[in-house]
Structure formats: structure tokens, C-alpha cells
Amino acid sequence: MIKTFILAVQTAPTNNAGMNLWDMVVMGGWLMIPIFILSVIIIYIACERFWLIRKTGLTDVPFMEKIQEILKTGNTRVALEECEKEGSPLAHTIAKGIKISNEDPQEIRQAMEDTANYEVANLERGLPTLATCAGTAPMIGFLGTVVGMVQSFYDMSMAGNSIDIGLLSRGIYTAMITTVAGLIVGIIGQLVYNFLVARVDKIVFRMEHYSSELIEYLRTKK
């Protein structure tokens, strides 16, 4: 019986050499459905967040140079208009500091930090879901492995002495295909998550840097 089981593993891929991708998905069983749903969620969040984060920070340097030039003239109204026109997380944070520029530097810093935290939270929206999907997909794949093995051994027990190789291969394909699919989705999701988190951290660093520059400028001006 063990020799027959091993033979099923070795010969099943050969007998299905012409199997296309759709056939593999179908043979993966019903567990391929949640894996597919997770992959769609990962792709959607990745594209939406990547576009937003990529757009954020592209004009930070020229924007800050313009704001600094305007502040040198003392025209805070024009500076606030430029911040509103820019509409980026950095612009909102800088605008908050300019609005209360007459307050104590410590109060300005705290207000700008609160605004920056709110803006960063908007940038990170969806990333926890992305991380959850990336971690769940491999677990569903491993569940498919267990289900496939149980199915194979059940088919073996029901077949008795007349074990059919094709009957055994059904459970083996379910086990292997769901595991591969879950790992692929999980790896891609984890890589995308790490990439987006790194980009957000870079934006946060820029916001802290330019916020400190503004506070220092307002302090020296006083």
C-alpha cells in the first residue's frame, strides 16, 4: 500500500503533463476560493496604497523651498494658501504650525505632531489588512495540505486492496496546489507590506525633519 501511495505521487504529474493553470486551480479544491479572495484584496490594497504613497512626498522639497521663501516675506496667508493647494500630509502639518506660529514653540511642536500622526494614520490605512491577508494565505494553504492528506488516506481506506492511482492523486493535488498558492500569495503580500511600510517611514522622517526646520525658523524669528 505504501509503495502504491509513493507511485501515485511520482506518476500523477506525468499523467497530467498537459494540465493548464485553470486545471490546477480546480484540482486545488474549494480552499482555492479564500486564497483567491485574499490575493484580490492584497492586489487592491497594494495598488491603491502604492499610488497614494508614491504621489505623497514627490514634491516635498520644492514645496518646502517655496514655503520658506514666502515665510521670509512674512506673508503667512499666502503660505497657508500654498499649503492648501499642495494638499499633502506634509502641507497639512506645516499649515498647522503656521496657523499657530505665535504660540510657544513647544505647543507648536505638539500641534504639528498631532496633525502628522493623523496624516500618517491615513497613509497606513489598509496596511494592517494587507499584513493580515499576507499571514492568512499560507495558513489556508497549510490547511489545504492537511485536508488533501486526509482525503487521500480516506480514499485509500475506502478503496481497500484495489487502490487506484488517480483516486489517490486527487487528495495529493489538493494538498500541494493549495500550499503552493497560499505561499505565493503570502510571500507577495509580505513583500508588498514591507515595501509600503518602508515608504511610509521615509515620509514620516521627512515630515519630522521639515517640521523641526519650521519650528526652528519660527523660534529664531521671534
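Please read all numbers here as calculations on a predicted model, not as lab measurements.

Any chance you could break down the overall build of the chain for me, citing the residues and the numbers?
When helices and strands are counted, the chain shows nine helices and zero strands. Put simply, the chain runs from its N terminus to its C terminus through helices and strands in the order α-α-α-α-α-α-α-α-α. When each of the 222 residues of the chain is scored for burial, the buried share is 37%. Pairs at least 24 residues apart make up 77% of the contacts formed inside the chain by residues separated by at least 6 positions. Just so you have it, the chain exposes about 13000 Å², and 64% of that area is on carbon and sulfur atoms.

Quick one: what's the story with the UniProt feature "transmembrane region" (unreviewed entry) in the chain, residue by residue and with numbers?
Per the UniProt annotation, the sites labelled "transmembrane region" (unreviewed entry) are residues 27-47, 130-151 and 171-197. As annotated, residues 130-151 has a helix share of 100% and a strand share of 0%, and its two end C-alpha atoms lie 31 Å apart. Split by type, residues 171-197 is 100% helix and 0% strand. Its first and last C-alpha atoms lie 39 Å apart.

Please give an account of the packing of aromatic side chains that cites residues and values.
The relative placement of two aromatic rings is captured by the distance of their centres and the angle of their planes. Taken as a whole and judged by the stated rule, the model has one aromatic pair. A centroid spacing of 6.0 Å and a plane angle of 35 degrees characterise the contact between Phe50 and Phe195, whose relative ring orientation is tilted. In this pair, Phe50 sits in helix H3 (residues 32-55) while Phe195 sits in helix H9 (residues 165-221), placing the two residues 145 residues apart along the sequence. On the accessibility criterion, Phe50 (35% relative accessible area) is partly exposed. Judged by its relative accessible area of 40%, Phe195 falls in the partly exposed class.

Before we move on, could you go through the nonpolar core and cite the residues and values that matter?
One finds Phe63, Ile67, Cys83, Leu90, Ile94, Ile98 and Leu214 to be the most contacted residues of the largest nonpolar core, which totals 41 residues. Sorting the residues of this core by element identifies H3, helix H4 (60-72), helix H5 (76-86), helix H6 (89-99), helix H7 (105-123), helix H8 (127-159) and H9 as the ones contributing at least two each. In terms of residue count, the dominant contributor to this core is H9 (12 residues). In this view, Phe63 contacts Glu82, Cys83, Glu86, Leu90, Ala91 and Ile94; residues no more than four positions away in its chain are not counted.

Any details on H4? Residues and values, ideally.
The terminal C-alpha atoms of H4, which comprises 13 residues, lie 18 Å apart, in line with the 18 Å expected from a rise of 1.5 Å per residue. Three or more residues of H4 are buried, namely Asp60, Phe63, Met64, Ile67, Ile70 and Leu71. Looking down the long axis of H4, one finds its buried residues gathered within 125 degrees of arc, a one-sided arrangement.

Rules and cut-offs
Residues numbered from 1 in each chain as written. Predicted model: local features only at pLDDT ≥ 70, side-chain atom pairs only at ≥ 80, totals over all residues. Heavy atoms only, no water. Helix = DSSP H or I, 4+ residues; strand = E, 2+ residues; numbered from the N terminus. Buried < 20%, exposed > 50% of the residue type's maximum accessible area, 1.4 Å probe, protein only. Contact = heavy atoms within 4.5 Å. Areas by Shrake-Rupley, 256 points an atom, 1.4 Å probe, with all protein chains shown as cover. UniProt positions renumbered as here; feature names shortened; annotations may be inferred. Phe/Tyr/Trp six-rings, centres within 6.5 Å; stacked < 30°, edge-to-face > 60°. Core = buried A, V, L, I, M, F, W, Y, C linked by side-chain atoms within 4.5 Å. Expected span 1.5 Å × (residues − 1). Arc of directions from axis to C-beta.

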